Amino acid sequence: MKVFVLCCCVLLFVAGFAAEAAVLSSRPVVAVRTPDPITLDGALDESVWHNGNAVTGFVQRDPTEGAAASEKMEVRIAYDADALYVGARMFDAHPDSIVARLERKDNDTNSDFFLFFVDPYNDKRSGYYFGVNAAGTLYDGTMFNDDWDSNSWDGVWECKTRIDSEGWTAEYRIPFSQLRFFEKDSYVWGVNFKRGIERKHEQDYLVPTPKNGSGFVSRFVDLVGIERIGSPRRFEFIPYVTAKGEYLTHDAGDPFRTGSRYAGTIGADMKFGIGSNLTMDATVNPDFGQVEVDPAVVNLSDAETYYNEKRPFFMEGASIFDFGEGGANNNWNFGTNSPSFFYTRRIGRAPQGSTPDEADYVDRPTGAHILGAAKLTGRVGDNWNIGTVHALTSNEYARVAADDRRFDHPVEPLTYFGIARARKELNTGKASIGFMGTLTERRLSDPVYAHQYNSNAAVAGIDGWTYLDADAVWALTGWSGISRIAGTKQRMIDVQRNSVHYFQRDDVDHLGVDSSARSLAGYAGRFAVNKQKGNFEFNAALAFVSPEFDANDVGFQWRADNINYHILTGYKWTEPGDVFRYMQVDAAYYHSYDFGMNTTDDGWFALTNLTFQNYYNVSCWIAFNPNETLYKDRTRGGPFLVRPRWSEIEFEAGTDRQKPIAFSFSTHAVAIRPSWSYSYNVEMLLRPASNISVSVAPAYSRDLDDEQWIDNITDPLAAATYGRRFIFATLDQRTISANVRVNWTFSPELSVQLFAQPIVSHNTFRGFKELARPGSKEFIVYGADAGTWDPGTFTADPDGAGTAPAIDIGDKDFTYKGLRGNLIVRWEYTPGSALFFVWTQSRNDDRKTDGLAVGPSAARLFELAADNIVLVKWSHYFNL
């Protein structure tokens, strides 16, 4: 720890506080009230588009930083009582060379484009972007933390484009109801513009961020001239209707599945404007059947799989609830995973409750039904950013058949989720302080819930950041939080013993299961310093998560009981040379302990990123641990296992993704003798037509794990390992899979999206053994070092003819074969209104094969009966 503090201080002062020479345009952009209605057709033939307030003087960020744009551009802004209009003329000396590729909304494609950025609060930190490419594909999203953006927000606005003999044009109409701002008589907002010329790899801005600098929104030019626009109408109502048919495989005797079933639902999404700067989003009986399916994962670890959010209600405005990383433009993370306070996938998750052992057939709900959810976001008071989410999920029951009985069994209680976030920026955007709190309350009305769920859980935290110097070169960020969960004594025992905590470990003094506890409370935090500007890079952080901290009721957390720090430094070359356009080299040291000060990680890291003159790119990183450390979780609640010296490497390379055909390749390898693993991933991106893109990404991995945990068996005769036998095996896992995506876009309003993922994973277990002594890497192999092993019955006897009971391990080998995917047809027949057709199919088989057997396994997949779900969803947008 002293090394960490000393290095931070030395490097901070040696690097100095070199100021960046900011290049800012001081000339404001003037918006003009249009005297006549504007017909949105991309023609730019209204008189307002020919006034003397054209914005010109754009400069390149790429390929030649600071040079004048190679093609002329003129942008004008107009408005009326209801909307903001943007007219952009992109001149081009060779209009036949304009790249115009059609894609569905927000789907990135390599095409000529134009982006309009606006900061209605003029806070120099946040705002919106609205973009269009030359084919008419729309892009929109939000900006935050000065440098970052997210496309999770979907506004209701319009834009039309045209390609003509002079180049191409874009004509926007953005209703004021889609923007958030403080209502005034006259306004000063921030604006910026960006143009992309695909064939030249050129990006032009009115005001660019230097490649060795930071800050984007803070550089915006003032937008003036908007006056007396009144309070926009802001009540949006989107009712929906769905019809769904399920055609599912089933056993002949299954009373709950007869091969098909049908259902229909109705619901609505609503958006209320509270003044001009607060928005209430609400959903009643939401349906998310139109989202892409999650990929299949074969997870043999004790850690939960993390899935990205795909549901529109929870994705929109999600950045408001980001916690702990504001201020810095880079947040490196080594050897630890900071808890997430808000993981939206907890709301409406698959029911977690168990069903009776005697059940012959069970029909479980696929997810907890969301009865209703509401979200309030915006600004209040003295420029406070706020966000709050409230959701209620229903009490869920599984239908159970046991012998001749039929009954409903509770599997998920009625649950309330509440999240609150507030953040205020200080000193004209040079510092910030924020707060966040979450609350989960469950109605445990049925006794079966008492030992399976926490009755309530709360997490609260404070975060903030500040620049350490007047030129905003150095940023200090930090957060700290506390958690508390409560439930029955048995429930708290189970929590203390789960994979996040493992309090039952016998070989440490700082842990221990409290069998009388009715609650569990802990703390966590992270503090970091980051160099924001210049070619020299520096980042350092100290993080800690106490053994008792638990955010998993509405957040996401893999582990507790961790203290970690890292120090990183590096250099980046941003000016193109003879070979490279960009080059970056970084190196870091990191170290992790548990709260008993046992070293669990201790490594070095090096990274390089290279972009060549032809826009091919290569990146490589390597990490190695020169010393033995300790695994605290490999025995699943047992003693430490020694982690040998290890090394890890990852290499990636890719061609120019702006070409009609692009390739990328990556490989990853880990060596922890005698264990090792490696993987290969290849992606081929094809654009056979301007409106079709095909991505095929096959992958192969092999993992030979000499320490794959099997089971923990209580046996008083195992005195050397605290009365338990910790059973392991050597796992040979081979997996081959592919992600296939096809996007066929007929118009900016009509698109077809296909996703498919075949996967085959063959898993073989051999060399069954038990841990010889705590804190070691020594094993006793059954049938070789001691005891007996019967491969016919998969039974081990630890001491042969002795008194120790035999252990029935069972046949662990398996081959998983799966194919899942969906087809989504989306037609946005008017802005904000859509008709979806969705077909989802899945096939699964766990019949064991001899080896990976890709060909027979693939053939077997297509022989299997499939589960099919067909859904039609209609929604209509009303702005009342």
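Residues numbered from 1 in each chain as written. Predicted model: local features only at pLDDT ≥ 70, side-chain atom pairs only at ≥ 80, totals over all residues. Heavy atoms only, no water.

Right, let's get into the sheet that holds strand β43 (residues 807–808). Strand order in the open sheet made by the 3 strands is β41-β42-β43, with antiparallel pairing throughout. In this open sheet, the two edge strands, each paired with only one partner strand, are β41 (788–790) and β43. One ladder, built from 2 bridges, connects strand β42 (residues 795–797) with β43; its direction is antiparallel. Looking at β43, one finds that Ala 796 is bridged to Ile 807. (Pairing = 2+ DSSP bridges. Helix = DSSP H or I, 4+ residues; strand = E, 2+ residues; numbered from the N terminus.)

Quick look at the packing of aromatic side chains now. Considering all chains together, one arrives at 61 aromatic pairs under this definition. Between Trp 157 and Tyr 172, the ring centres sit 5.5 Å apart and the planes meet at 10 degrees, which makes this aromatic pair stacked. Taken together, the residues span a long stretch of sequence, with Trp 157 in the loop between β8 (148–150) and β9 (158–164) and Tyr 172 in strand β10 (residues 167–175) at a distance of 15 residues. A residue is classified by how much of its surface remains accessible, and Trp 157, at 5% relative accessible area, is buried. Summarising the aromatic geometry, the rings of Phe 334 and Tyr 590 are spaced 5.5 Å apart at their centres and angled 10 degrees between planes, so their arrangement reads as stacked. Here Tyr 590 lies in strand β29 (residues 580–593) and Phe 334 lies in the loop between α2 (312–315) and β17 (361–363), a separation of 256 residues in the sequence. Comparing Phe 334 with Tyr 590 shows no difference in burial state: the two are buried. Seen from the ring of Tyr 631, Arg 634 lies directly overhead, with NZ or CZ sitting 4.9 Å from the centre. (Phe/Tyr/Trp six-rings, centres within 6.5 Å; stacked < 30°, edge-to-face > 60°. Buried < 20%, exposed > 50% of the residue type's maximum accessible area, 1.4 Å probe, protein only. Lys NZ or Arg CZ within 6 Å of the ring centre and 35° of its normal.)

All right, on to empty space enclosed by the protein then. One pass over the structure, following the stated rule, counts 6 cavities of 30 Å³ or more. What the second largest cavity holds in volume is close to 730 Å³. Along the walls of the second largest cavity sit 42 residues, with Phe 144, Ser 319, Ile 320, Asn 385 and Arg 423 positioned nearest its centre. With 4 residues, the top contributor of residues to the lining of the second largest cavity is strand β18 (residues 370–380). Tallied by class, residues from the lining of the second largest cavity come to 10 nonpolar, 18 polar and 14 charged. (1 Å grid on protein atoms, 1.4 Å probe; cavity = no way out; pocket = protein on both sides within 12 Å on 5 of 7 lines; lining within 4 Å. Points joined across faces, edges and corners; volume = space filled by probe spheres on them. Nonpolar A, V, L, I, M, F, W, Y, C, P; charged D, E, K, R; others polar.)

A cluster of nonpolar side chains, contributed by Val 241, Ile 266, Trp 827, Leu 835, Phe 837, Trp 839, Val 872 and Trp 874, occupies part of the molecular surface with about 720 Å² of accessible area. Those elements that provide at least two residues to the nonpolar patch are β45 (833–845) and β46 (867–875). No other element matches β45, which puts 3 residues into the nonpolar patch. Checked against the element boundaries, Trp 874 lands in strand β46. (Patch = residues over 30% accessible without salt bridge, like charges linked within 9 Å, V, L, I, M, F, W, Y side chains within 5 Å. Areas by Shrake-Rupley, 256 points an atom, 1.4 Å probe, with all protein chains shown as cover. Salt bridge = Lys/Arg side-chain N within 4 Å of Asp/Glu carboxyl O.)

Attention shifts here to the environment of Gly 855. Note on placement: Gly 855 falls in helix α4 (residues 854–863). Note: C-alpha distance between Gly 855 and Arg 228 (627 residues apart in sequence) is 69 Å.

Our focus in this paragraph is the pattern of salt bridges. This structure, assessed with the given rule, holds 49 salt bridges. Linking Asp 92 and Arg 199 is a salt bridge whose minimum nitrogen-to-oxygen distance equals 2.7 Å. In this pair, Asp 92 is assigned in the loop between β4 (83–91) and β5 (113–119) and Arg 199 in the loop between β11 (189–197) and β12 (202–205), connecting sequence segments 107 residues apart. Accessibility expressed as a relative area gives 5% for Asp 92, which makes it buried. Residue Arg 199 is classed as partly exposed on the basis of its relative accessible area of 30%. Of the charged contacts, one joins Arg 125 and Asp 146 as a salt bridge, the two residues approaching to 3.8 Å between their closest N and O atoms. Of this pair, Arg 125 sits in the loop between β5 and β6 (127–133) while Asp 146 sits in the loop between β7 (138–144) and β8; the two residues are 21 residues apart in sequence, bridging distant segments of the chain. Judged by its relative accessible area of 6%, Asp 146 is buried. Bridged by salt links that share partners, the residues Lys 244, Glu 246, Arg 261, Asp 363 and Arg 399 form one connected network.

Pairing analysis gives 10 bridges linking strand β19 (residues 384–393) to strand β22 (residues 414–426), with the strands arranged antiparallel. Its bridge partner being in β22, His 390 is matched across the sheet by Gly 418. Of the strand pairs in this sheet, β22 and strand β23 (residues 431–443) are connected by 13 bridges, and their pairing is antiparallel. Counted as the bridge partner of Phe 417 is Thr 440 from β23.

Within the largest apolar cluster, 41 residues are counted, with the highest numbers of intra-cluster contacts made by Phe 114, Phe 116, Phe 130, Tyr 172, Trp 189 and Phe 193. Where this core is concerned, the elements lending two or more residues are β1 (29–33), β3 (73–79), β4, β5, β6, β10, β11 and β13 (221–224). Not counting residues up to four positions away in its chain, the partners in contact with Phe 193 are Val 29, Val 55, Phe 58, Val 75, Ile 77, Phe 114, Leu 115, Phe 116, Phe 117, Asp 204, Tyr 205 and Leu 206. Among the nonpolar cores identified, the runner-up in size contains 25 residues, and Phe 323, Phe 417, Ala 524 and Val 554 belong to it. (Core = buried A, V, L, I, M, F, W, Y, C linked by side-chain atoms within 4.5 Å. Contact = heavy atoms within 4.5 Å.)

In sequence, β22 turns back onto β23 through a hairpin of 4 residues, with Asn 427 there showing a positive phi of about 55 degrees. Bridge count between β23 and strand β24 (residues 456–467): 11 bridges; the pairing is antiparallel. By the bridge assignment for β24, Thr 440 is matched with Ala 457.

The omega torsion of the bond from Asp 62 to Pro 63 falls at 0 degrees, within 30 degrees of zero and hence cis. With respect to the helices and strands, Pro 63 occurs in the loop between β2 (59–62) and β3. The residue Asp 106 is not glycine, and still its phi comes out positive at about 70 degrees. Topologically, Asp 106 is positioned in the loop between β4 and β5. The buried category is assigned to Asp 106, whose relative accessible area is 18%. In this structure, Asn 427 is a non-glycine residue whose phi angle is positive, near 55 degrees. If you trace the backbone, Asn 427 turns up in the loop between β22 and β23. Given a relative accessible area of 57%, Asn 427 falls into the exposed group.

Backbone hydrogen bonds are what pair the strands of a sheet, in a parallel or an antiparallel way. Read from one edge of the open sheet, 3 strands run β17-β20-β21, paired in antiparallel fashion. Only two strands of the sheet have a single partner each, and these edge strands are β17 and β21 (405–412). The sheet shows a mean angle of 25 degrees between the axes of neighbouring strands, taken without regard to direction. Strand direction decides the pairing type here: β17 and strand β20 (residues 396–402), joined by 3 bridges, are antiparallel. By the bridge assignment for β20, Asp 363 is matched with Arg 399. (Axes fitted to C-alpha atoms, helices over the stretch in contact; angles between N-to-C directions.)

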